Amino acid sequence: MRSTLAWFLLLALVSCSEEPPAGEVEPFDIEDRVRRATRTVDDVRVTSAADAEPGNWLAHGRTYDEQRFSPLDQIDDSNVDDLGLAWYYDTGNDRGHEASPIVIDGIMFLTASWSVVHALDARSGEAIWTYDPQVRGEVARWACCDVVNRGVAVWKGKVYVGALDGRLIALEAHTGEPVWEVQTTDPEKPYTITGAPRVVKDRVVIGNGGAEFGVRGYVTAYDAESGERAWRFYTVPGDPAEPFEHKELERAAITWSGEWWKVGGGGTAWDSMAYDSDLDLLYVGTGNGSPWTRVHRSPGGGDNLYLSSILALEPDTGKLVWHFQTTPGDNWDYTATQHIILADLEIEGQVRQVLMQAPKNGFFYVLDRATGELLSAENYVKTTWASHVDLVTGRPAELPEGTYDEEARVVFPGPTGGHNWHPMSYSPDTGLVYIPAREQSLTYLALAEFSYDPRTWNLGLDVPSLLDLEPDPAAPVPVGKLLAWDPVAQREVWSLDQPGAVNGGTLATAGNLVFQGTSDGLFVAHRADTGENLWEVSTHVGIIAPPVSYAIDGEQYVAVLAGWGGNVITSGDSGVPAASMYQNPGRLFVFALDAKAAMPEVPQRDLEIPEPPVLTASDETLEEGKLLFNSYCGWCHGFMAVGSGVVRDLRYSSAAVHDSWQEIVRGGSHRGGGMASYRDLLSAEEAEAIRAYVAHRAGQDRQLTATTD
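Everything quoted here is computed from the prediction, not taken from an experiment.

Asks: If you had to explain the overall build of the chain to someone new, which residues and values would you point to?
Replies: A tally of helices and strands in the chain yields 11 helices and 39 strands. Taken across its 709 residues, the chain has 61% of its residues classed as buried. Considering only contacts within the chain whose residues lie at least 6 apart along the sequence, 63% involve residues at least 24 apart. Total accessible area on the chain stands at roughly 25,800 Å², and carbon and sulfur atoms take up 49% of it. A distance of 4 Å separates the average location of the 52 positive side-chain charges in the chain from that of its 101 negative side-chain charges.

Quick look at the structure:
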């Protein structure tokens with residue numbers, strides 16, 4: 001994958017220049033330091049020379065192959081228990097933090113909630129600059145899974161960020177000043193961007209999200225210097241009465257039926273990408289259909305290309321070279337947007353160039369990345385929707401237990417998947433992939449009739465009926481797993497159960513270590529070959545982001561962002577996340593050997609529900625409020641009015657909030673914090689019914705807590 005000649009040429013250039021060696025810091029003016037560090041980040045540096053400067057983390061997954069493996073080994077399985085806090089940095093935001101920091105010659109770039117970009121001195125944590133794209137608060141209404149952002153890309157002196165409102169923005173790396181911005185989406189439609197851009201061959205590539213609200217997915221490449229659009233690949237066909245934007249959609253349209261384009265179709269490419277510089281192929285994962293239920297999305301059947309697929313594209317043109325669909329005719333929100341890793345593996349005595357993915361559907365795929373040929377696929381978590389994947393056709397063998405058109409079915413995995421966006425990592429030393437997996441089901445039931453509403457979620461599921469089902473006391477409790485997977489033998493080598501179902505991404509290092517953060521606020525180092533817990537520290541802040549490692553002047557650091565949020569605001573968590581007990585400050589923690597900084601305190605939450613107002617409401621009004629709350633409010637504030645610790649738990653609403661209820665819900669007085677006006681969805685009477693339901697639930701749980709105490 002890497003060119004040896006280019007590697008030696010780069011070393012020669014570095015040795016003849018006045019630049020300081022990678023990973024070392026000289027006392028230049030800070031702007032000059034940033035300029036010098038970032039201006040040479042390009043294809044050669046990210047591919048051929050990355051391992052020549054292991055102290056840097058130049059791209060989202062460190063290198064284009066997205067292995068998330070650090071060759072640094074100063075911190076290893078013999079001394080990791082000497083790790084201490086070197087420094088920490090508060091982002092000033094208390095929503096979900098999901099970014100992978102980029103580190104280049106002692107300069108760090110990261111994003112926080114609301115797409116805010118921070119540039120820091122990676123040795124001290126001192127802020128260099130901060131850029132706030134000023135995303136309008138009401139855009140949060142269209143973010144299915146929190147106002148998160150997974151990071152920036154750095155290229156030839158510029159920093160690129162995808163903003164939640166669909167803008168792609170280029171910043172001067174040394175000042176944070178905007179150079180150009182382009183609106184990549186239709187601002188009148190409920191698109192969002194939460195993923196990190198990638199830069200390949202001077203093109204910035206970005207996708208988008210919004211399938212739950214009814215949009216049509218695509219991925220776009222822009223000129224890194226000017227922001228001019230180079231190409232766009234639509235992941236699902238539009239109205240067949242209109243000319244198709246590119247020829248690949250003609251083949252895709254045959255696999256659809258009905259009038260899917262009126263509901264967007266979905267297929268949003270909201271996260272994973274990887275690039276093979278030798279094959280010159282860009283790999284992009286695509287998402288679920290809109291709506292989820294295929295009986296309403298494509299009533300005549302069909303595979304619905306290119307939903308839930310891995311696409312191999314030419315980065316110069318966007319032309320499709322091959323595709324592999326992990327879940328034909330997706331019916332369960334089984335996206336293939338999960339982390340893609342490229343590696344060379346010896347399989348049956350032959351070294352194969354492979355692509356690996358553990359998508360939501362529960363099967364671990366190994367593909368030939370040149371051709372898309374399926375080499376192997378085995379389930380890495382419990383799957384009840386399909387028995388196996390046919391290695392000849394590549395199709396999962398669906399089971400009747402997964403069909404829910406006419407009756408409710410409990411299906412494993414649920415829509416949060418056996419593995420979600422949280423990145424896995426691969427160690428070439430152990431040959432193992434480290435997956436932040438989960439075993440979690442959902443009861444699915446299709447609506448008898450579906451009508452599209454562009455103002456809210458469009459799943460095609462009978463959510464009110466599902467929420468009315470009595471809980472099954474025998475149902476298995478959702479569990480998170482740190483899973484070490486052998487991709488050649490397609491088997492589990494070791495796994496560790498975790499207290500919550502949702503946990504952070506992983507980092508593998510040459511020190512025989514795997515680092516991961518957890519929902520209960522622990523940051524943990526495991527022995528990579530056995531899984532043994534070697535070191536942990538409590539941050540008191542839930543961690544979902546993946547760690548990175550870097551070095552400055554020969555000293556290795558491990559960094560991780562903490563800040564509970566993401567899809568937990570809709571899916572909840574089976575364990576007790578730190579955010580349920582403590583406040584949720586967004587915070588970057590950086591660790592090094594023998595470091596002695598004190599861990600910062602995190603204030604505890606007041607867990608006593610205040611006495612709610614006494615409201616007179618009939619049973620019919622409370623039932624109406626319950627239905628409306630779970631249809632419109634539960635996606636952020638928690639179904640059945642039980643919050644996740646991220647967005648306000650409305651059971652704790654003060655008297656002032658109740659007094660201002662109409663102004664907040666319908667007037668938009670809190671739009672700056674993400675609470676948009678719902679005047680277009682709710683009448684004053686309906687908003688009052690929701691208030692009555694919230695007060696009723698607060699009273700119930702306040703009494704329950706008092707009884708328990």
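Asks: Go over the sheet that holds strand E22 (residues 350–357), please, and point to the residues and values.
Replies: Strand order in the open sheet formed by four strands is E21-E22-E23-E24, with antiparallel pairing between adjacent strands. The strands lining the two open edges of the sheet, one partner per strand, are strand E21 (340–347) and strand E24 (374–379). When the angles between neighbouring strand axes are averaged without regard to direction, this sheet yields 25°. The sheet contact formed by E21 and E22 spans eight bridges and is antiparallel. Across the sheet, the residue bridging to Ala343 is Val354, located in E22.

Asks: Residues and numbers for the packing of aromatic side chains, please.
Replies: Counted according to the given criterion, the structure contains 26 aromatic pairs. With centroids separated by 5.5 Å and ring planes inclined at 40°, the aromatic side chains of Trp256 and Trp260 adopt a geometry described as tilted. Summarising the burial analysis for this pair, Trp256 and Trp260 share the class buried. Each ring, one from Phe629 and one from Tyr693, has its centre 5.7 Å from the other, and the planes form 55°; the classification is tilted. Placement of Phe629 in helix H8 (residues 619–637) and of Tyr693 in helix H11 (residues 684–708) is noted, with a sequence separation of 64 residues between them. Since its relative accessible area comes to 0%, Phe629 is described here as buried. Residue classification places Tyr693 among the buried positions, given a relative accessible area of 4%. Aromatic ring contacts, followed pair by pair, group Phe515, Phe523, Trp535, Phe589 and Phe591 into a single cluster.

Asks: Could you give an account of the sheet that holds strand E9 (residues 167–172), naming the residues involved and the relevant values?
Replies: Taken together, four strands build an open sheet; the order of strands is E7-E8-E9-E10 and the sheet is antiparallel. The two strands at the open ends of the sheet, each matched to only one other strand, are strand E7 (153–155) and strand E10 (178–183). Across the sheet, the axes of successive neighbouring strands diverge by a mean angle of 20°, strand direction being ignored.

Conventions and cut-offs
Residues numbered from 1 in each chain as written. Predicted model: local features only at pLDDT ≥ 70, side-chain atom pairs only at ≥ 80, totals over all residues. Heavy atoms only, no water. Helix = DSSP H or I, 4+ residues; strand = E, 2+ residues; numbered from the N terminus. Buried < 20%, exposed > 50% of the residue type's maximum accessible area, 1.4 Å probe, protein only. Contact = heavy atoms within 4.5 Å. Areas by Shrake-Rupley, 256 points an atom, 1.4 Å probe, with all protein chains shown as cover. Lys, Arg positive; Asp, Glu negative; His and termini not counted. Charge placed at Lys NZ, Arg CZ, Asp CG, Glu CD. Pairing = 2+ DSSP bridges. Axes fitted to C-alpha atoms, helices over the stretch in contact; angles between N-to-C directions. Phe/Tyr/Trp six-rings, centres within 6.5 Å; stacked < 30°, edge-to-face > 60°.

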